[in-house]
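# Structural characterization, general
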Amino acid sequence: MAVVFCFYNGYLQSCHIAKYQLYDGGLLLQPRSLILHPRFTLGFVMFVVGMALNIHSDYLLRNLRRPNEQGYKIPRGGLFEYVSCANFFGEIVEWCGYAILCGSLPAFAFLCFVLVNLGARSWHHHRSYLEKFEDYPKNRKALIPFIF
């Protein structure tokens, strides 16, 4: 099911960008001017920062346990000092950047899906960490540093 969703989502995103995307009040911009457009620049920077956060957080999660070690551990380092699901936060920043960069209905629809899906999953992870570990940092939020 996930493969079908990813294929269909990618198809919708790429079709919209290739065939229907207009910039600056209905004008198709040349590639050079598109790259210099403030919306494109902001979205691209957010996408790259979100991807870096996501990759770094996944690296920290993969290295929580030593080989052949079992059980759960509290994630530490990077954004995990502030939130329980730093990898989800990175992914949300990534897809926010993509939606801003594209400025299209399909991109913002996918962002809404990501927010709802990862928001609920992060809340569940955060609650389970609080229940499982007595020494879990009480000031850590679920997904957005200092907020949620």
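In what follows, the structure referred to is the one given above.
First, a word on what this report is: a plain description of the structure on this page. Predicted model only: the values in this text are computed from it and were never measured.

Another point: the overall build of the protein. Along its length, the protein carries 5 helices and 0 strands. For the protein, the α and β elements follow one another from N to C terminus as α-α-α-α-α. The dimensions of the protein, computed from C-alpha atoms along their principal axes, are 55 × 35 × 30 Å. Out of the 148 residues in the protein, the part that is buried amounts to 34%.

As used here, a disulfide is simply a covalent bond connecting the sulfur atoms of two cysteines. Per the stated rule, a full pass over the model turns up 0 disulfides. Left without a disulfide partner, Cys85 is nearest to the cysteine sulfur of Cys96, which lies 16 Å away. With a relative accessible area of 2%, Cys85 lands in the buried category. Cysteine Cys102 remains unbridged, with the sulfur of Cys96 as its closest cysteine sulfur at 13 Å.

Bringing the environment of Arg140 into the picture now. Along the chain, Arg140 falls in the segment after helix H5 (105-132). The exposure class assigned to Arg140 is buried, which follows from its relative accessible area of 2%. Here Phe80 takes part through its backbone oxygen, which lies 2.6 Å from a polar atom of the side chain of Arg140. Within the structure, Arg140 has its side chain in polar contact with the side chain of Tyr136 (distance 3.2 Å).

Here we take up helix H4 (residues 86-102). Over its 17 residues, H4 runs 24 Å from end to end, which matches the ideal 24 Å to within 8%, given 1.5 Å per residue. Across the 17 residues that make up H4, a large majority, 13, are buried. Phi turns positive, to about 65°, at Gly103, one or two residues after H4.

Checked against the element boundaries, Asn87 lands in helix H4. Accessibility expressed as a relative area gives 12% for Asn87, which makes it buried. Leave out the neighbours within four places in its chain, and Asn87 touches Asn54, Ser57, Asp58, Leu61 and Phe80.

Here we come to helix H3 (residues 38-62). Spanning 25 residues, H3 covers 36 Å between terminal C-alpha atoms, matching the ideal 36 Å at 1.5 Å per step. All of the buried residues along H3 are Phe40, Gly43, Gly50, Asn54 and Ser57.

Two side chains of opposite charge can pair, provided their charged atoms sit close to one another. With the rule as written, the count across this model stands at 1 salt bridge. A salt bridge links Glu69 to Lys73, with the nearest nitrogen and oxygen atoms 3.1 Å apart. Glu69 sits in the partly exposed class, given a relative accessible area of 29%. For Lys73, a relative accessible area of 31% puts it in the partly exposed group.

Basis of the calculations
- Residues numbered from 1 in each chain as written.
- Predicted model: local features only at pLDDT ≥ 70, side-chain atom pairs only at ≥ 80, totals over all residues.
- Heavy atoms only, no water.
- Helix = DSSP H or I, 4+ residues; strand = E, 2+ residues; numbered from the N terminus.
- Buried < 20%, exposed > 50% of the residue type's maximum accessible area, 1.4 Å probe, protein only.
- Disulfide = S-S within 2.5 Å.
- Polar contact = N/O pair within 3.5 Å; in protein donor to acceptor, adjacent residues only side chain to side chain.
- Expected span 1.5 Å × (residues − 1).
- Contact = heavy atoms within 4.5 Å.
- Salt bridge = Lys/Arg side-chain N within 4 Å of Asp/Glu carboxyl O.

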